[in-house]
Amino acid sequence: MTLSRTLCFIATLSLCLSLLNTAQANPFTDAEDAVKYRQQALSMMRDNFGIMSAMARGDRDYDAEQFKQRAKAVYHLSYIPWDAFQGVGERVTENSDALPVIWENWSDFESRISNFQQAVQELVEAADSGNMREIRPKFMTVARNCQQCHQGYRAD
Amino acid sequence: MKVQVWDGFIRGFHWLLLVTFAGLWYTGGNIDFIDQHELLGLFMLALLLTRIMWGFVGSESARFSTFVKGPVSVWRYLRDKSATTPLTHNPIGAWSVIALLTLLLAQALTGLFTDDAIFYQGPLASWVDNDVNRLLTRYHKQIIDGILILVAIHIVAIFVYRIRGTALTWTMVSGKRQTSEPLAQPKLVHGAWGYGLLAVNCLWIYLWLG
């Protein structure tokens, strides 16, 4: 284990303890299970996002209530996949599109995750307005966050 | 003497192709311009199909049967470039045209099946399953490199011709070719027929995929 990773580990551990936040490591003992879990969460995000996208781009009538529900679903999902990238989830498996560089740039990966979560939160807030002109830029910001992380961290 | 080698459609096609390609290059990979990219891509498809049709029914100089030659002719041309004065594309340029049209067509067609895993699906993405979407999306990102290489070769070749005294760019504007040797006037089809064909192709492609 490199020094920086050790420090990172200690920092993370102490942060968890100090917050008395009993966030457990993920429950997986099999790498394939971790991969499947995070893929399911990401694909649900995409399914929900696809419906919002159709509305934001005019391929489907805008339904404010439905849009809000989808945005909330993505918001909740935006907290789901990431711990499955740790523990046994760090092992590169055949079915995974995650590139090994994720674990080399772990802190960058984490900061992208929190940017993404922030963007989704802003989308949820905008969705409350029921005004597509307010929603669209927030929606595009989320999409850009997806893309930026896929470039470099997800196999084509 | 001056010979009219390119009809109005071929000239317009060439410059429309350039502008459309530039637009596609600019909008490609940018999530904010995906809708414009798709629209330009459909227009590109219409342009390419029309050029291919024109290669069978258009002016003599634009027909594939006029300028596409087998390897023996290519070899002969390479050994002695002065032996023949090609009516239109020379045997090497002809294969470059075929290669470029093929790659551009492959690029336009794979684009129809792309899926960015975020929020965009090409108009025909649902025809195939996810693995195929994935593969074609990857090809769509790779073929562009081949196209850019061919475009670079094309531009370098034009500079080389210019240095040696042949102004190809102007020929593609006026359609007229300056030649010292007598050259038979190719049978030209009026360019308006080409634009009519282009309009028809744009229409059905847009109605179907737009």
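Residues numbered from 1 in each chain as written. Chains lettered and ligands numbered in written order. Predicted model: local features only at pLDDT ≥ 70, side-chain atom pairs only at ≥ 80, totals over all residues. Heavy atoms only, no water.

Looking at the side chain of Thr 27 of chain B
Residues and elements named next belong to chain B.
Phase 1: For Thr 27, the location among the structural elements is in helix α1 (residues 8–27).
Phase 2: By relative accessible area, Thr 27 is classed as buried at 7%.
Phase 3: A polar atom in the side chain of Thr 27 sits 2.8 Å from the backbone oxygen of Gly 23.
Phase 4: Here Thr 27 is in contact with Phe 33, Gln 36, His 37 and Leu 40, once residues within four sequence places are set aside. (Helix = DSSP H or I, 4+ residues; strand = E, 2+ residues; numbered from the N terminus. Buried < 20%, exposed > 50% of the residue type's maximum accessible area, 1.4 Å probe, protein only. Polar contact = N/O pair within 3.5 Å; in protein donor to acceptor, adjacent residues only side chain to side chain. Contact = heavy atoms within 4.5 Å.)

Looking at the interface of chain B and chain A
Phase 1: Contacts between the two partners involve 15 residues from chain B, matched on the other side by 15 residues from chain A.
Phase 2: When the buried surface of chain B facing chain A is broken down by residue, Ile 118, Phe 119 and Arg 134 of chain B rank first, second and third, together holding 45% of it.
Phase 3: Summed over the shared surface of chain B and chain A, the number is 5 salt bridges.
Phase 4: In this assembly, chain B and chain A are joined by 10 residue pairs in polar contact (both at pLDDT 80 or more).
Phase 5: Put simply, the parts of the chain that give the side of chain B that touches chain A at least two residues each are α2 (34–57) and α6 (130–163) of chain B.
Phase 6: If one sorts the elements of the side of chain B that touches chain A by residue count, α6 of chain B sits on top with 3 residues.
Phase 7: When grouped by side-chain class, the residues that make up the side of chain B that touches chain A number 6 nonpolar, 2 polar and 7 charged. (Buried area = accessible area lost by both parts, 1.4 Å probe. Salt bridge = Lys/Arg side-chain N within 4 Å of Asp/Glu carboxyl O. Nonpolar A, V, L, I, M, F, W, Y, C, P; charged D, E, K, R; others polar.)

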